[in-house]
Amino acid sequence: MRLVPFIIAFGIALSGYAWFVEFKVAEAERLGLNYKPMCDIGIFSCAKVFSSKYGSVSSLFGLPKISNAAVGVLFYMLELLFEPNTKLLLIMSAASCVASVGLFTLLTVVMRDFCFVCFSVYVVNFSTFFIALRRYRTLTRGARSGSNNLKSH
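Residues numbered from 1 in each chain as written. Predicted model: local features only at pLDDT ≥ 70, side-chain atom pairs only at ≥ 80, totals over all residues. Heavy atoms only, no water.

It is worth spelling out the side chain of Arg135 at this point. Summarising the element assignment, Arg135 is placed in helix 6 (residues 116-152). Polar contacts involving the side chain of Arg135 include one to the main-chain carbonyl oxygen of Glu83, which spans 2.6 Å. Apart from the residues within four sequence positions on either side, Arg135 is in contact with Arg2, Val4, Glu83, Pro84, Thr86 and Leu89. (Helix = DSSP H or I, 4+ residues; strand = E, 2+ residues; numbered from the N terminus. Polar contact = N/O pair within 3.5 Å; in protein donor to acceptor, adjacent residues only side chain to side chain. Contact = heavy atoms within 4.5 Å.)

Rendered as structure tokens:
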């Protein structure tokens, strides 16, 4: 059984939930109401994180405001599509790890907050990376030993 598609699907679900929370928070604000999602636990507020200026990192680079959660849904769908290609999966998951470190730094150092959904996304990204790395190493070891066997015959 291949585990990676299930991990990536979990990433889609997490990003979809984050996108839903963003929508509900914005709708509640528009109506003058308060919305408290299930992921707001104790002093930690994912709603605050998702609706902050860091909820759209693209706007920090002068690009149009695009929700990080929406980008996450698209990214994981592409990752799921390209999952059979080990090298591409490794590159994509490595990029997601770099993004995760940056977002984790923004979350903890700049915002001084913690988001269980965000942290779960980081776990998805690093899990996918380490599984892809192991798969890649296994493939390259197999290719090297196969070429060595051909040379000896």
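The discussion continues.
Soluble globular proteins tend to pack their nonpolar side chains together in the buried interior. Core analysis: the biggest nonpolar cluster contains 31 residues, and Val49, Phe50, Cys115, Val117 and Cys118 have the highest contact counts within it. The set of elements that each furnish at least two residues to this core consists of helix 1 (4-30), helix 2 (46-50), helix 4 (68-82), helix 5 (86-110) and helix 6. No other element matches the nine residues that helix 6 contributes to this core. Contacts of Cys115, omitting those with residues within four sequence positions, involve Cys46, Val49, Phe50 and Leu107. (Core = buried A, V, L, I, M, F, W, Y, C linked by side-chain atoms within 4.5 Å. Buried < 20%, exposed > 50% of the residue type's maximum accessible area, 1.4 Å probe, protein only.)

Attention shifts here to helix 1. Between the first and last C-alpha of helix 1 there are 39 Å, a value that for 27 residues agrees with the 39 Å anticipated at 1.5 Å per step. Every buried residue belonging to helix 1 is among Val4, Ile7, Ile8, Gly11, Leu14, Ser15, Ala18, Val21, Glu22, Val25 and Ala28, and all of these are buried. Once helix 1 finishes, Gly32 follows within two positions and takes phi at roughly 75°, a positive value. (Expected span 1.5 Å × (residues − 1).)

It is worth spelling out the environment of Trp19 at this point. For Trp19, the position within the fold is in helix 1. The exposure class assigned to Trp19 is partly exposed, which follows from its relative accessible area of 44%. For the pair Trp19 and Val71, spaced 52 residues apart in sequence, the C-alpha to C-alpha distance is 9.5 Å. Those residues in contact with Trp19 that lie beyond four places of it in its chain are Ser67, Ala69, Ala70 and Val73.

Another point: the pattern of salt bridges. Per the counting criterion, the structure on display carries four salt bridges. Residues Glu83 and Arg2 are paired through a salt bridge, measuring 2.2 Å at the closest nitrogen-oxygen approach. Note that Glu83 is positioned in the loop between helix 4 and helix 5 and Arg2 in the segment before helix 1, a separation of 81 residues in sequence. For Glu83, a relative accessible area of 5% corresponds to the buried category. Looking at Arg2, the relative accessible area reads 45%, which means it is partly exposed. Three or more residues are tied together by salt bridges with common partners; here these are Arg2, Glu83 and Arg135. (Salt bridge = Lys/Arg side-chain N within 4 Å of Asp/Glu carboxyl O.)

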